[in-house]
Amino acid sequence: MSYELNYTIGSIPLEKLKPKKVRKNIELTLWERLYIPEIVRGMIITTRHFVQNMAGFIFPPNGKKRRVFTVYYPEEKLTIPIAYRGRPVLVMREDGTERCVACGLCESICPAFAISIVGGERRRENEMERYPVTYTLDMSRCVYCGFCEEVCPKEAIAMSDEYEELAERDRNRMIYPKEKLLVSEKRLKNRIDYVRKIYSKNNYNAK
Amino acid sequence: MAINVAMSNEQRAMSAGQEEGIEKVLGNSVLLTQLDAIVDWGRKYSFFLYPFVTACCGMEFMSVAGPRYDLDRFGAALPRFSPRQADLLMVVGTISHKQAPILVKVYNQMTEPKWVFSFGVCATSGGFYDNYATVQGIDTLIPVDVYVPGCPPRPEMVIDGLLKLQEKVAKEKWSDWPRGEALVSKKGR
């Protein structure tokens, strides 16, 4: 059996990579045994990091080429990738109604039993349609697993990229009613496309 | 959906309905309100946390306490590993019934202006451990100030929670924080 080692690390080809020299003999040189200069060198490194971060604290950085490691959160927000699962939201059509048909699949798959639905029927464009009369999501139990999104046949629930303002002082306020969960289709378009791709939801309606 | 939610701190303070100690004597005088303001200002930027870490949320606690998100920017960086030196109890992770007496003991041992931070869904409500072994939310044991959901919460959520706690501490009066031992412990009854 032979393995072909043709991958690269970063942009450097493998042949050019050399093993790094490690000092195995830990006898200190005279310069190191003088002690003071090495201490000063260490302090310079520490101070450099301190000054850099302090400057970043006063003038929060932006852009990708940043030297400051810390994310200054309330002022500066990271752009998070599309695969991130934030708080689950219901997809709202353009006329303000929800896509959900209250089939109860999300309710039954939810490992934390965080979802509870009461279904009903209503008239929309001369057709009868099922809809959730109440759709309650207990955010104090939701574990952001994304099963509800995966199981939903109508693409009516999606994990958004919202993660802010979820902390509460009162546990009663963490039970979200339907009105608090609705988010318009436009904002969730990217996520829904992504979900179609990863779960291959459209394989059955061949066109 | 059966959710039993214990009294929040505000409700408890309202139901108590009476001011204690120094406020009883001096009332809401100018001196006391100004002193309150300055003491609260000092307190909200100097939390000493006691990380009560029992589960995987601990990893996320490390990430929020580390240099990437840096709790030190909010003055809450220094974890104290003795409850007697700490004033913010971070309950990070699942609390089983076996663990509950320890949590209550740690809470009782803390010095008196003390706040409790529920970190993650397991501490907040039991999460998906809806079973006989797990405490369904630590607010059934001790008064909780801030709940942060998430499994585990993103560091940003934790910082949100900490800012909410700072807001609360900034408005506190002398009589506001719960005094004495937790109600579930024997002496507290």
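All chains use their own residue numbering, which begins from 1 and follows the written sequence. Each chain gets a letter, beginning with A, and each ligand a number, beginning with 1, in the order they are written. With pLDDT at 70 or above as the cut-off, local features in this predicted model cover only qualifying residues; side-chain atom pairs require 80 or more to be listed or tallied, and sums for whole chains, interfaces and linings still use all residues. Side-chain calculation: all heavy atoms of the structure are included, whereas hydrogens and water are not.

**Some points on the overall build of chain A**
Here a strand is any run of E in DSSP of at least two residues, a helix any run of H or I of at least four, and the numbering for each starts at the N terminus. For chain A, the helix and strand inventory stands at 6 helices and 6 strands. Burial classes follow relative accessibility: with a 1.4 Å probe on protein chains only, a residue under 20% of its type's maximum area counts as buried, one over 50% as exposed, and anything between as partly exposed. The burial tally for chain A puts 35% of its 207 residues in the buried class. Note on contacts: a residue pair is in contact if any heavy atoms of the two residues lie within 4.5 Å. Contacts in chain A between residues at least 24 apart in sequence constitute 65% of all its contacts with a sequence separation of at least 6.

**Let's talk about the interface of chain A and chain B**
Tallying the contact residues gives 33 residues for chain A and 38 residues for chain B. Reported buried area values correspond to the accessible surface (1.4 Å probe) lost by two parts on association, with both partners' losses combined. Across the interface of chain A and chain B, roughly 3400 Å² is buried in total on both sides, 59% from carbon and sulfur atoms. Sorting the residues of chain A by area buried against chain B places A:Arg141, A:Arg169 and A:Arg171 first, and these three jointly supply 26% of that buried surface. Salt bridges are counted wherever a side-chain nitrogen of Lys or Arg sits within 4 Å of a carboxyl oxygen of Asp or Glu. A:Glu165 is paired through a salt bridge with B:Lys164; the nearest N and O atoms lie 3.9 Å apart. N or O atoms closer than or at 3.5 Å make up a polar contact, with two conditions inside protein: a donor-capable atom paired with an acceptor-capable one, and, for residues adjacent in sequence, both atoms drawn from side chains. In this assembly, chain A and chain B are joined by 13 residue pairs in polar contact (both at pLDDT 80 or more). In the scheme used here, Gly and all other residues not listed as nonpolar or charged are polar, with Ala, Val, Leu, Ile, Met, Phe, Trp, Tyr, Cys and Pro taken as nonpolar and Asp, Glu, Lys and Arg as charged. Tallied by class, residues from the side of chain A that touches chain B come to 20 nonpolar, 5 polar and 8 charged.

**Remarks on a nonpolar patch on the surface**
Taken together, the side chains of A:Tyr35, A:Ile36, A:Ile39, A:Val40, A:Met43 and A:Ile44 define a hydrophobic patch exposed on the protein surface, amounting to about 610 Å² of accessible area. Relative to the helices and strands, A:Ile44 is located in helix H2 (residues 36-58). Within this analysis, patches are made of residues with over 30% relative accessible area and no salt bridge. Like charges are joined at 9 Å or less; nonpolar side chains (Val, Leu, Ile, Met, Phe, Trp, Tyr) at 5 Å or less. Shrake-Rupley sampling with a 1.4 Å probe provides the accessible areas, and residues are treated as covered by the protein chains on show and by no other component.

**Some details on the packing of aromatic side chains**
Residues and elements named next belong to chain B. In this scheme Phe, Tyr and Trp rings, the latter by its six-membered ring, pair at centre separations within 6.5 Å, and the angle between planes marks the pair as stacked below 30 degrees, edge-to-face above 60, and tilted otherwise. The full count for this structure, using the stated rule, is 6 aromatic pairs over all chains. Pairing Phe 61 with Phe 119 gives two aromatic rings, centres 6.2 Å apart and planes at 75°, and the pair type is edge-to-face. A residue pair is termed long-range when its members are at least 10 positions apart, and Phe 61 in helix H4 (residues 57-65) and Phe 119 in strand E3 (residues 115-119) qualify at 58 residues. The class of Phe 119 is buried, set by a relative accessible area of 0%. The rings of Phe 61, Phe 117 and Phe 119 are connected pair by pair, giving a single aromatic cluster.

**A few points about the nonpolar core**
Within the largest apolar cluster, 71 residues are counted, with the highest numbers of intra-cluster contacts made by B:Leu89 and B:Phe117. The greatest single-element share of this core, amounting to 6 residues, is contributed by helix H7 (residues 155-170) of chain B. Apart from residues lying up to four places away in sequence, B:Leu89 is in contact with B:Tyr50, B:Phe52, B:Leu103, B:Val106, B:Tyr107, B:Met110, B:Trp115, B:Val116, B:Phe117 and B:Ile142. The next biggest cluster of nonpolar side chains, apart from the first, holds 6 residues, and it includes A:Ala158, A:Val183, A:Leu188 and A:Ile192. In this text, buried Ala, Val, Leu, Ile, Met, Phe, Trp, Tyr and Cys residues form a nonpolar core when linked through side-chain atoms within 4.5 Å.

**Overview of the pattern of salt bridges**
Residues and elements named next belong to chain A. Inspection of the entire model under this criterion finds 21 salt bridges over all chains. One salt bridge in this structure joins Arg 99 and Glu 185, with 2.6 Å as the shortest N-O distance. Separated by 86 residues along the polypeptide, Arg 99 in the loop between strand E1 (88-92) and helix H3 (105-109) and Glu 185 in helix H6 (residues 185-199) bring together distant segments of the chain. Assessed through its relative accessible area of 17%, Arg 99 is described here as buried. On the accessibility criterion, Glu 185 (24% relative accessible area) is partly exposed. The structure contains a network of salt bridges with shared partners spanning Arg 93, Asp 95, Glu 98, Arg 122, Arg 124, Glu 129 and Lys 178.

**Digging into the state of the cysteines**
All names here are of chain A. We call a pair of cysteine sulfur atoms a disulfide when they lie within 2.5 Å. In this structure the tally under the stated criterion is 0 disulfides over all chains. The thiol sulfur of Cys 106 is not disulfide-bonded, and the nearest other cysteine sulfur, from Cys 100, lies at 6.0 Å. A relative accessible area of 9% means that Cys 106 is categorised as buried. We note that Cys 110 lacks a disulfide partner, and the nearest cysteine sulfur, in Cys 145, lies 6.1 Å from it. When its relative accessible area of 12% is taken as the criterion, Cys 110 is described as buried.

**Brief notes about the pairing of strand E1 (residues 49-53) of chain B**
Residues and elements named next belong to chain B. Judged by how many residues are buried, E1 sits mostly within the fold: 4 of 5 residues are covered. Paired strands, in this sense, are two strands between which DSSP finds at least two bridges. In terms of strand pairing, E1 meets strand E2 (residues 88-92) through 5 bridges, oriented parallel. Considered in E2, the bridge of Tyr 50 is made with Leu 89. Viewed along the sheet, the connection from E1 through H4 into E2 turns out left-handed. Handedness rule for crossovers: strands pointing away from the viewer, path from the first strand over the helix to the second running clockwise, crossover right-handed.

**Section: the sheet that holds E3(B)**
Residues and elements named next belong to chain B. Reading across from one edge, E1-E2-E3-E4 is the order of the 4 strands in this open sheet, with parallel pairing throughout. Every other strand in the sheet has two partners, leaving E1 and strand E4 (146-148) as the edge strands with one partner each. Across the sheet, the mean angle separating the axes of adjacent strands is 15° when strand polarity is ignored. In this analysis, axes come from line fits to C-alpha atoms, helices being fitted only over the stretch in contact, and the angle between any two N-to-C directions falls in the range 0 to 180 degrees. The strands touched by H4 within the sheet are E1, E2 and E3, with E2 carrying the most contacts at an inclination of about 135°. Across the sheet, H7 is in contact with E2, E3 and E4; its angle to E3 comes to roughly 160°.

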